[in-house]
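Report on the structure
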Amino acid sequence: MSTPPVDGLEARITPRGAAPVRRRPAWHPATVAAVAPETPAARRIVLDVPTWPGNDPGQHLDLRLTAEDGYQASRSYSIASSGEGTRVTLAVDRVEGGEVSPFLVDAIEVGDGLDVHGPLGGWFVWRPDESDRPVQLIAGGSGIVPLLPMVTAHAEADDPVPFRLLYATRTPEDVFFREELDAALRATAPLEVTHVYSRRAPSGSGEAVGRLTRERLGASVLEPDAGALVYVCGSTPFVEQVLRWLGELGHDLSDVRAERFGGA
Ligand SMILES: Cc1cc2nc3c(=O)[nH]c(=O)nc-3n(C[C@H](O)[C@H](O)[C@H](O)COP(=O)(O)OP(=O)(O)OC[C@H]3O[C@@H](n4cnc5c(N)ncnc54)[C@H](O)[C@@H]3O)c2cc1C
């Protein structure tokens, strides 16, 4: 669920570039084109969606599975890709005991059919060339999924606004999209990435290990007076905690957009 728009904010963040393309959400048949392990608990799933209208960085879709007996189940998934193509990339983390995610991570195969509804969400979105404001991204675990296309679009557009990403995972193996993040770091668009590992850091890195705290958050993110747009995504408890800390650190929460993936 995204935080609601704040009156006037859209106008404040769109001083440059063309008006955004609005794509009407619709149901589309999709076929699994590729699957690959993303982390020990997550899988990257590439869908072939011939009628897909394209999507902006940060948008999501609803994915619907239909069993042979007609039983259907649907869940929301952020889109790790963006732009006009008809290949749509997702990354799904296995929620133990869940109904849909274990099937997507462990069982779905190339050639399987399903349906997607989208693109969805016009609020948790960042488009290149639209704003001069620096951007602070904050992700917990699979919460990196909607933030990756923002990082990629920023790099590909060589957009000069400063980007910072704070990415919290348990271990280095739990980091999604490491190659894509490394590629964005090699690009000329300004990007800083800080990893916070709660259980184990890369061997020999000397990086501190421990849960994200308000102090570590404050030391890593752009200052409250930097005028940054802030995007926060992860499990609901992670997002709620980060929002609380950002408020306590003096950030204006009307500049913060949040996407909650669920969980208690
Ligand atoms: C806008 C949006 C985008 C999302 N994008 C992604 C994404 O890119 N990748 C991804 O892996 N997931 C994403 N999710 C979460 C996804 O929609 C499902 O909730 C998740 O896959 C679990 O579904 P399930 O059927 O396996 O679990 P369910 O059967 O629905 O739930 C089983 C139990 O797990 C708990 N639970 C549900 N979701 C979570 C969670 N995220 N963390 C911890 N506990 C949970 C439930 O409260 C319940 O107790 C997104 C959610 C939203 C709302």
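Refer to the preceding data block for the structure.
So, here's what we can say about the structure.

What counts and how
- Residues numbered from 1 in each chain as written.
- Predicted model: local features only at pLDDT ≥ 70, side-chain atom pairs only at ≥ 80, totals over all residues.
- Heavy atoms only, no water.
- Near = heavy atom within 4 Å.
- Polar contact = N/O pair within 3.5 Å; in protein donor to acceptor, adjacent residues only side chain to side chain.
- Areas by Shrake-Rupley, 256 points an atom, 1.4 Å probe, with all protein chains shown as cover.
- Pairing = 2+ DSSP bridges.
- Helix = DSSP H or I, 4+ residues; strand = E, 2+ residues; numbered from the N terminus.
- Right-handed = clockwise from strand over helix to strand, strands pointing away.
- Buried < 20%, exposed > 50% of the residue type's maximum accessible area, 1.4 Å probe, protein only.
- Axes fitted to C-alpha atoms, helices over the stretch in contact; angles between N-to-C directions.
- Contact = heavy atoms within 4.5 Å.

The next subject is the site of the ligand. The local shell around the ligand holds 21 residues, among which Arg-75, Ser-76, Tyr-77, Asp-93 and Ser-101 are the closest. Contacts to the ligand include Arg-75, whose side-chain N or O atom sits 2.8 Å from an oxygen atom. Asp-93 is positioned such that a nitrogen or oxygen atom in its backbone is 2.8 Å from an oxygen atom of the ligand. Its free accessible area being 900 Å², the ligand has 72% of it covered by the protein chains.

Turning next to the pairing of strand S9 (residues 191–197). Two strands pair when backbone bridges link them, and strand S8 (residues 163–169) and S9 are joined in this way by 7 bridges, in the parallel orientation. Looking at the pairing, Tyr-167 lines up with His-195 of S9. For the handedness criterion, the β-α-β arrangement of S8, helix H4 (residues 178–186) and S9 is classed as right-handed.

This part takes up the pairing of strand S5 (residues 87–93). Across the 7 residues of S5, 5 count as buried, placing the element largely inside the fold. Bridge count between strand S2 (residues 42–48) and S5: 7 bridges; the pairing is antiparallel. Of the residues in S5, the one forming a bridge with Asp-48 is Arg-87.

Ordered in space as S4-S3-S6-S1-S2-S5, the 6 strands form an open sheet in which the pairing is antiparallel. The two strands at the open ends of the sheet, each matched to only one other strand, are strand S4 (72–78) and S5. Within this sheet the neighbouring strands show an average axis-to-axis angle of 35°, counted without direction. Bridge analysis of strand S3 (residues 60–66) against S4 gives 7 bridges, and the strand direction is antiparallel. What sits directly across from Leu-61, in S4, is Tyr-77.

What follows covers the sheet that holds strand S7 (residues 135–140). If you walk across this open sheet you meet the 5 strands as S9-S8-S7-S10-S11, and the pairing is parallel. Looking at the sheet topology across the chains shown, the edges are occupied by S9 and strand S11 (256–260). Looking at each pair of strands side by side, their axes are set apart by 10° on average, direction ignored. For S7 and S8, the ladder comprises 6 bridges, and the chain directions are parallel. Residue pairing for S8: Leu-137 is matched across the bridge by Leu-165. Where H4 meets the sheet, its contacts fall on S8 and S9, and the angle it forms with S9 comes to roughly 145°.

None of the figures reported here should be taken as evidence of function without further support.
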